[in-house]
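# A structural walkthrough
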Amino acid sequence: MKKTLISLAASCVFAFAGGIEFNTLSANFSQTVQSDDAKISYGGDFSATKEHAVWHYKTPTIKNIFFSFTKVVVIEPELEQAIITNIKETPNLTAILANAKPNKNGVYEASFDDVKYLIELKGDLPSKISYTDKMDNKVVINLSNVRKNAPVNEAIFKPSIPKNYDIITQ
């Protein structure tokens, strides 16, 4: 599930950079990931610019995920660890979703790497993103209190890893 969590967060962050124009985007989220035999629900908030994003998971456990185009840093306080992943190739979801088209129901569809994303809007703001990932997990992310182009302190995108944490580099 950990790889799924990171990939879906990355997908959503960079998805907003394309089909929905913004300088900054922030929201609260509730997310469910359902596999054949398990369902996990998450909640928290995120902020994104066109270059960076941070997801603060508050439930069921605290976790902070920081994204840039070259690196993902996952800080897990309960485990006292940070996982740093250098990204050599970032999927260009920005370009793909810039070409997202509304279907007959008014839901926007975008595809990348054999995954189809469905993006629902309320007004001009994203309210729900759903897709089935390559591991056949059904993912639904509901957004609330969405703020577009509100000022965001750029410092929130810089991870701060406590000195006593184990650091895992991938």
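Cut-offs applied
- Residues numbered from 1 in each chain as written.
- Predicted model: local features only at pLDDT ≥ 70, side-chain atom pairs only at ≥ 80, totals over all residues.
- Heavy atoms only, no water.
- Helix = DSSP H or I, 4+ residues; strand = E, 2+ residues; numbered from the N terminus.
- Buried < 20%, exposed > 50% of the residue type's maximum accessible area, 1.4 Å probe, protein only.
- Contact = heavy atoms within 4.5 Å.
- Areas by Shrake-Rupley, 256 points an atom, 1.4 Å probe, with all protein chains shown as cover.
- Phe/Tyr/Trp six-rings, centres within 6.5 Å; stacked < 30°, edge-to-face > 60°.
- Pairing = 2+ DSSP bridges.

Let's shift gears to the overall build of the protein. From N to C terminus, the protein includes 2 helices and 12 strands. Split into buried and exposed, the 170 residues of the protein put 42% on the buried side. For the protein, contacts bridging at least 24 residues in sequence account for 49% of all contacts bridging at least 6. For the protein, the computed accessible surface area is about 9,200 Å², with 51% contributed by carbon and sulfur atoms.

Overall, the coordinates contain 6 aromatic pairs when judged by the stated rule. Taken together, a centroid distance of 5.6 Å and an interplanar angle of 85° make the contact between Tyr-42 and Tyr-57 edge-to-face. Here Tyr-57 lies in strand β3 (residues 53-59) and Tyr-42 lies in strand β2 (residues 39-49), a separation of 15 residues in the sequence. On the basis of relative accessible area, Tyr-42 is assigned to the buried category, the value being 12%. Tyr-57 sits in the buried class, given a relative accessible area of 1%. Considering the side-chain rings of Trp-55 and Tyr-57, the 6.3 Å spacing of their centres and the 25° angle between planes classify their relative orientation as stacked. Grouping aromatic residues by their ring pairs yields a cluster made of Phe-29, Tyr-42, Phe-46, Trp-55 and Tyr-57.

Glancing now at the pairing of strand β5 (residues 71-76). Burial of β5 is extensive: 5 of the 6 residues sit out of reach of the surface. By the bridge criterion, 4 bridges tie strand β4 (residues 63-67) to β5 in an arrangement that is antiparallel. The partner of Phe-67 across the bridge, within β5, is Val-72. Linking two consecutive strands that pair antiparallel, namely β4 and β5, is a turn of 3 residues. The pairing of β5 with strand β6 (residues 81-86) spans 6 bridges and is classified as antiparallel. Its bridge partner lying in β6, Lys-71 is registered against Asn-86. Counted along the chain from β5 to the antiparallel partner β6, the turn is 4 residues long, and its residue Glu-80 has a positive phi close to 50°.

The subject of this paragraph is unusual backbone geometry. Across the junction of Thr-59 and Pro-60, the peptide omega takes the value 0°, indicating a cis bond. If you trace the backbone, Pro-60 turns up in the loop between β3 and β4. With a phi close to 70°, Asp-136 is a non-glycine residue in the positive phi region. Within the element layout of this structure, Asp-136 appears in the loop between β10 (125-132) and β11 (138-148). The partly exposed category is assigned to Asp-136, whose relative accessible area is 47%.

This paragraph deals with the environment of Gln-34. As for its position among the elements, Gln-34 is in strand β1 (residues 24-34). For Gln-34 and Asn-137, which are 103 residues apart along the polypeptide, the C-alpha to C-alpha distance reads 5.4 Å. In contact with Gln-34, not counting residues within four places along its chain, are Lys-39, Asp-136, Asn-137 and Lys-138.

In this section: the environment of Pro-159. Inspection of the secondary structure puts Pro-159 in the loop between β11 and β12 (166-169). The exposure class of Pro-159 is partly exposed, given its relative accessible area of 36%. Counting along the chain gives 84 residues from Pro-159 to Ile-75, while the straight-line C-alpha distance between them is 8.0 Å. Beyond its immediate sequence surroundings of up to four residues, Pro-159 is in contact with Phe-66, Val-73 and Ile-75.

Right, let's get into the sheet that holds strand β9 (residues 115-122). The 12 strands are arranged β7-β8-β9-β10-β11-β1-β2-β3-β4-β5-β6-β12 in an open sheet whose pairing can be described as mixed. Here the strands that pair on one side only, and so sit at the sheet edges, are β7 (101-102) and β12.

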